[in-house]
Amino acid sequence: MATNISEQPAKASGTYRIGGDVTVNRLGYGAMQITGPGVWGDPKDPAEAVRVLRRAIELGVTFIDTADSYGPFVSELLIREALHPYAEDLVIATKAGLSRSGPGDWRPVGRPEYLRQQCELSLRHLGLDSIPLYQLHRIDPKVPLADQLGELALLQQEGKIQHIGLSEVSVAQIEESRAITTIASVQNLYNLANRSAEDVLEYCERNDLAFIPWFPIATGELARPGGPLDAISTAHGASPAQLALAWLLRRSPVMLPIPGTSSVAHLEENVGAADVRLTDDEFEALAKAS
C-alpha cells in the first residue's frame, strides 16, 4: 500500500536533484547530534539514536547528512547499524577534511592521502560501495585547493563517490573549486536569524547547486514572547522551530535543510515543518524581522 504525505510529512517539502541525478526530499536530517558531548564519542542513549534514524526514514526523510568527524565515525556507524541495508531512495552524504583530537576540537586536514584514507573508512563504516555526496568539510589553507579537490575528483573517477560538495566557503572559493572539478553542493551556516551566507545561497540558486544550511533552526530573539515568530506560531499552531524550517524551504528551491536531533519527539516536530505553508506576508514579515 502506498504511503501518503500525512504519514511521511517530509515528502511535503518537495524534491531536489543533487548534481542533476540524485533525487532527495528537501527536508533532510543532520546526524551530528547522535554522538556524545562535544560531538565526541558515543551518545548517552545509543538505542534512542537508532530509533531517531529509523523514525526519520518512516517520516519520509531520504537525505541524511553526516561526517567522518562526528564522533569520530560514531555517527556513520550508527547510521549503518540502524538503516543498513539501505532503502533504494535513501541518500547518505558525508564529509572529510576536519580531524579531531578531543571534544569540541576541529582541525582542517586536506592532504590528499588523508582525504583518500577517510573516504575509504567512510565507505567501510557506512557499508557503501559509493558515497552519493562527498563533501570537503573545510578547505585546508595549508594545502593547495587543487590538491584537495583533485583527490576527490580521482575518487569520483574510481566510482567511490558520485558527487563532490563544499562546506563553509565563499563565492570566490566556489568559483575556484568549480574551475578544478564539478561541484554539486555547498553547506554553509544559514538560518532565519543569521543570513550572512546570503550571497552564497544566491550563487547556488543561479548555478543550480544544492545549498545545505547547517544550524538551520536558530531563531534567537525572533522567538521571544510577542516577537514575530510568536504571533505566526499562534496562527499556524506551529512551533518557532517549525516556522524557521518552513521559512527556509520557502526561501529557495535549492535549499536542503538538515535539522538534527537526538530525540524522536523533536525529530517528529522538525519534520512536521514540511507541512507548514507560510503566506507571502508571513514570509516577508519573518525575512524583515531578522
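Report follows, based on the coordinates. Since we're looking at a predicted model, the values are computed, not measured.

## A word on helix 4 (residues 145-157)
Every α-helical turn comprises 3.6 residues, leaving residues that sit three or four positions apart pointing alike.
Line of reasoning, step 1. Taking 1.5 Å of rise per residue, 13 residues should cover 18 Å, and helix 4 covers 18 Å from first to last C-alpha, within 8% of that figure.
Line of reasoning, step 2. All of the buried residues along helix 4 are Leu145, Gln148, Leu149, Glu151, Leu152, Ala153 and Leu155.
Line of reasoning, step 3. Where helix 4 is buried, its residues contact helix 3 (112-126), strand 8 (131-136), strand 9 (161-167) and helix 5 (171-178).
Line of reasoning, step 4. Once helix 4 ends, the next one or two residues include Gly159, with phi positive near 85 degrees.

## A short note on unusual backbone geometry
Line of reasoning, step 1. A cis amide bond, omega -10 degrees, links Gly71 with the succeeding residue Pro72.
Line of reasoning, step 2. Within the secondary structure layout, Pro72 lies in the loop between strand 4 (63-65) and helix 2 (74-83).
Line of reasoning, step 3. With an omega of 0 degrees, the peptide bond between His84 and Pro85 qualifies as cis.
Line of reasoning, step 4. Positionally, Pro85 belongs in the loop between helix 2 and strand 5 (91-96).
Line of reasoning, step 5. You will see that Val39, though not glycine, has its phi angle at about 55 degrees, which is positive.

## Some points on the packing of aromatic side chains
Line of reasoning, step 1. Under the defined criterion, the tally for this structure stands at three aromatic pairs.
Line of reasoning, step 2. Aromatic side chains Tyr70 and Trp106 sit 6.3 Å apart centroid to centroid with 80 degrees between the ring planes, which places their arrangement in the edge-to-face category. With Tyr70 in the loop between strand 4 and helix 2 and Trp106 in the loop between strand 6 (98-99) and strand 7 (107-108), this residue pair connects regions lying 36 residues apart in the sequence.
Line of reasoning, step 3. The class for Trp106 is partly exposed, based on a relative accessible area of 30%.
Line of reasoning, step 4. With centroids separated by 5.2 Å and ring planes inclined at 15 degrees, the aromatic side chains of Trp247 and Phe283 adopt a geometry described as stacked. With Trp247 in helix 8 (residues 240-251) and Phe283 in helix 10 (residues 280-289), this pair connects stretches of sequence that are 36 residues apart.
Line of reasoning, step 5. Relative accessible area serves as the criterion here: at 1%, Trp247 is assigned to the buried category.
Line of reasoning, step 6. A relative accessible area of 11% places Phe283 in the buried class.
Line of reasoning, step 7. We note Arg100 situated over the ring of Trp106; from NZ or CZ to the ring centre the distance is 3.8 Å.
Line of reasoning, step 8. In this structure, Arg250 packs its charged tip against the face of Phe283, placed 5.1 Å from the ring centre.

## Re the sheet that holds strand 5
Line of reasoning, step 1. Reading across the sheet, the seven strands line up as 3-4-5-8-9-10-11 and stay open at both edges, with parallel pairing between neighbours. Among the strands making up the open sheet, the edge pair consists of strand 3 (29-30) and strand 11 (210-214).
Line of reasoning, step 2. As paired strands, strand 9 and strand 10 (residues 185-189) are joined by three bridges and run parallel to one another. By the bridge assignment for strand 10, Gly165 is matched with Ser185.
Line of reasoning, step 3. Its contacts with the sheet place helix 4 against strand 8 and strand 9, and it is angled at close to 155 degrees to strand 9.

## Regarding the pairing of strand 5
Line of reasoning, step 1. Burial analysis of strand 5 places six of its six residues in the buried class, which makes it a mostly covered element.
Line of reasoning, step 2. Burial of the side chains of strand 5 extends over both faces: Val91, Ala93 and Lys95 are buried on one face and Ile92, Thr94 and Ala96 on the other.
Line of reasoning, step 3. Note: strand 4 against strand 5, three bridges, orientation parallel. Its bridge partner being in strand 5, Ile64 is matched across the sheet by Ile92.
Line of reasoning, step 4. Regarding topology, helix 2 serves as the crossover connection from strand 4 to the parallel strand 5, and that connection is right-handed.
Line of reasoning, step 5. Here strand 5 pairs with strand 8 via four bridges, running parallel. Residue pairing across strands places Ala93 opposite Leu133, the latter belonging to strand 8.

## Description of the packing of helix 3 against helix 4
Line of reasoning, step 1. Interhelical geometry of helix 3 versus helix 4 gives an angle of 35 degrees and a closest axis separation of 9 Å. Crossing hand, helix 3 versus helix 4: right-handed. Residues Pro112, Leu115, Arg116 and Cys119 of helix 3 form the contact with helix 4, whose participating residues are Asp147, Gln148, Glu151, Leu152, Leu154 and Leu155.
Line of reasoning, step 2. Considered class by class, the residues forming the contact of helix 3 with helix 4 number six nonpolar, one polar and three charged.

Quick notes on the rules
Residues numbered from 1 in each chain as written. Predicted model: local features only at pLDDT ≥ 70, side-chain atom pairs only at ≥ 80, totals over all residues. Heavy atoms only, no water. Helix = DSSP H or I, 4+ residues; strand = E, 2+ residues; numbered from the N terminus. Expected span 1.5 Å × (residues − 1). Buried < 20%, exposed > 50% of the residue type's maximum accessible area, 1.4 Å probe, protein only. Contact = heavy atoms within 4.5 Å. Phe/Tyr/Trp six-rings, centres within 6.5 Å; stacked < 30°, edge-to-face > 60°. Lys NZ or Arg CZ within 6 Å of the ring centre and 35° of its normal. Pairing = 2+ DSSP bridges. Axes fitted to C-alpha atoms, helices over the stretch in contact; angles between N-to-C directions. Right-handed = clockwise from strand over helix to strand, strands pointing away. Left-handed = near helix turned anticlockwise from the far one by under 90°. Nonpolar A, V, L, I, M, F, W, Y, C, P; charged D, E, K, R; others polar.

Just geometry here; none of it tells us what the structure is for.
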